[in-house]
Each structure stands twice: as structure tokens, then as C-alpha cells.
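For reference, the chains in residue letters:
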Amino acid sequence: MNRHVYLIGMPGSGKSTVGRALAKLLDVPFIDLDAEIEDAARKTIPEIFRQDGEVAFRELERSALLRASDGASAVVSCGGGAPLREDNQRLMRDTGTVVWLNVPLASLRRRIRDLLDTRPLVTDPLDLERIYQERDAVYRKVAHREVSADGDPVAVAKAILEVIA
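Residues numbered from 1 in each chain as written. Predicted model: local features only at pLDDT ≥ 70, side-chain atom pairs only at ≥ 80, totals over all residues. Heavy atoms only, no water.

Novice: Hey, could you run me through the sheet that holds strand β3 (residues 75–77) in this one?
Specialist: Neighbouring strands of a sheet are bound in pairs by backbone hydrogen bonds; such pairs are parallel or else antiparallel. Pairing in this open sheet of 5 strands is parallel, and the strands run β2-β3-β1-β4-β5 from one edge to the other. Pairing within the sheet leaves two strands with one partner each, and these edge strands are β2 (30–32) and β5 (145–148). Between one strand axis and the next, the sheet turns by 25° as a mean value, whatever way the strands run. Strand direction decides the pairing type here: strand β4 (residues 96–102) and β5, joined by 4 bridges, are parallel. Note on β5: the bridge partner recorded for N102 is S148. Its contacts with the sheet put helix α5 (residues 86–95) on β1 (4–8) and β4, and the angle it makes with β4 is roughly 115°. Running over the sheet, helix α8 (residues 153–164) touches β1, β4 and β5 and is turned about 155° from β5. (Pairing = 2+ DSSP bridges. Helix = DSSP H or I, 4+ residues; strand = E, 2+ residues; numbered from the N terminus. Axes fitted to C-alpha atoms, helices over the stretch in contact; angles between N-to-C directions. Contact = heavy atoms within 4.5 Å.)

Novice: How do you make sense of the packing of helix α3 (residues 45–52) against helix α4 (residues 54–70) when you look at a structure like this?
Specialist: The description of two packed helices rests on the angle between their axes and on the distance between the axes. As a packed pair, α3 and α4 sit with axes 7 Å apart at the nearest point and diverge in direction by 130°. Here α3 lies oblique to α4, going by the angle between them. Within the contact between the two elements, α3 uses I45, I48, F49 and D52 and α4 uses E54, A56, F57, R58 and L60. Grouping the amino acids of the contact of α3 with α4 by side-chain chemistry returns 6 nonpolar, no polar and 3 charged. (Parallel < 35°, antiparallel > 145°, perpendicular 65-115°, else oblique. Nonpolar A, V, L, I, M, F, W, Y, C, P; charged D, E, K, R; others polar.)

Novice: Even after reading the chapter, I still don't get unusual backbone geometry, so can you show me in this structure?
Specialist: Excluding glycine, most residues fall at negative phi; most peptide bonds, likewise, are trans. Phi at D27 takes a positive value of approximately 60°, unusual for a residue other than glycine. Relative to the elements of secondary structure, D27 occurs in the loop between α1 (15–26) and β2. Residue R42 is not a glycine yet carries a positive backbone phi of 55°. Mapped onto the fold, R42 is located in the loop between α2 (33–41) and α3.

Novice: For this particular structure, what's the right way to read the side chain of S69?
Specialist: Residue placement: S69 occurs in helix α4. Within the local environment of S69, its side chain forms a polar contact with the backbone oxygen of L66, the two atoms lying 2.9 Å apart. Here S69 is in contact with H4, Y6, L91 and T95, once residues within four sequence places are set aside. (Polar contact = N/O pair within 3.5 Å; in protein donor to acceptor, adjacent residues only side chain to side chain.)

Novice: Just to check I follow, could you spell out the nonpolar core for this structure?
Specialist: Most often, soluble globular proteins keep nonpolar side chains buried together rather than apart. Membership of the largest hydrophobic core comes to 46 residues, with the highest contact counts inside it found for L7, I8, C78 and I160. A per-element tally of this core places helix α7 (residues 125–142) first, with 6 residues. Not counting residues up to four positions away in its chain, the partners in contact with C78 are Y6, L7, I8, K15, L33, L65 and M92. (Core = buried A, V, L, I, M, F, W, Y, C linked by side-chain atoms within 4.5 Å. Buried < 20%, exposed > 50% of the residue type's maximum accessible area, 1.4 Å probe, protein only.)

Novice: Which parts of the structure should I look at to understand the pattern of salt bridges?
Specialist: A side chain of one charge can pair with a side chain of the opposite charge if their charged atoms are brought near each other. Here the structure, examined in full by the defined rule, presents 9 salt bridges. A salt bridge links E59 to R85, with the shortest nitrogen-to-oxygen separation between them at 3.0 Å. Here E59, found in helix α4, pairs with R85, found in the loop between β3 and α5; they are 26 residues apart in sequence, far enough to count as distant. What makes R85 partly exposed here is its relative accessible area of 21%. Here D87 makes a salt bridge to R85, at a shortest N to O gap of 2.7 Å. Among the ionic contacts, a cluster of salt bridges with common partners joins E59, R62, R85 and D87. (Salt bridge = Lys/Arg side-chain N within 4 Å of Asp/Glu carboxyl O.)

In C-alpha cells:
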């Protein structure tokens, strides 16, 4: 593998879990942009949103994406909003394969029900539906490949291997 695999999708779509499994299968590093942002800012993502705002978070996200794209081949788990910026779209498409982990809204609701306090843009179930509607077309446009991610993370990672081969 001489390029990155960028995983995009909604909050709760399994980007981090599937990403770790995929990186293991490919024998490459795994980069979680959210963890990179928290390390760089020395704050949690909810703290960044509360204290600095979404614009500051998106700049930190852009910086983390630039660092990841400039490094050795890796599987990169992108935050759900990273593909919304056109400069991020171009960067990801130019330096790797973008894979959209598509999960039905009903499954996303179940997955994040107990995690609402850790998701700054999804504080109630109605937020999830609104964000889903806003991002669906963007994910479709940006992704080189789409994979149904409504199953076991290892099985999803194997399905990704099939579509990027």
C-alpha cells in the first residue's frame, strides 16, 4: 500500500474500530484524527468545542489531516465533519482512497445512544438525523468507495480490503 485509506462517515459509523482492524489487516499504522487533535490541543474534543468553538476545532482537524497525509501510508479515521471542507476533500482524494462507512440512521441511533455527552454536535437524537441529512450527499461525492458498515468491524474491514484492492 503506497497511499492512505481515509475512513469517513457519520459519528458512530465505526471509523475508529473498523480503522484499527483494517490497519492490522494491511499491516500499516492507524491514525485517529480525533485522538491526534486531542493530543495537539491537550483538551478533549468537547472541551475544544466548548472553549474555542467549532471553527477552531476545524482548523485543528485540518492540521491533523495535513500531518497524516504527509506521513507514511496509514489507515486514517477522519472525524465525521472532516469531509465537509473542500480543501480536506481534495487532500484526501489526492493522497489516498476515501472509503465511506455507510450505516443506516436507525443503527447510528442505537450505537450512539449512550455516547451523546461525548459528541459535541450530536447532543440529542434529532441532531443525528439533521447531520445525517446534511452530510449524506457530501460523503457520496467525496468517497472513492462505499462500504456498508452495519456489521462486525472485522467483517467490514475485510469488505474494505475487497473494494480497495
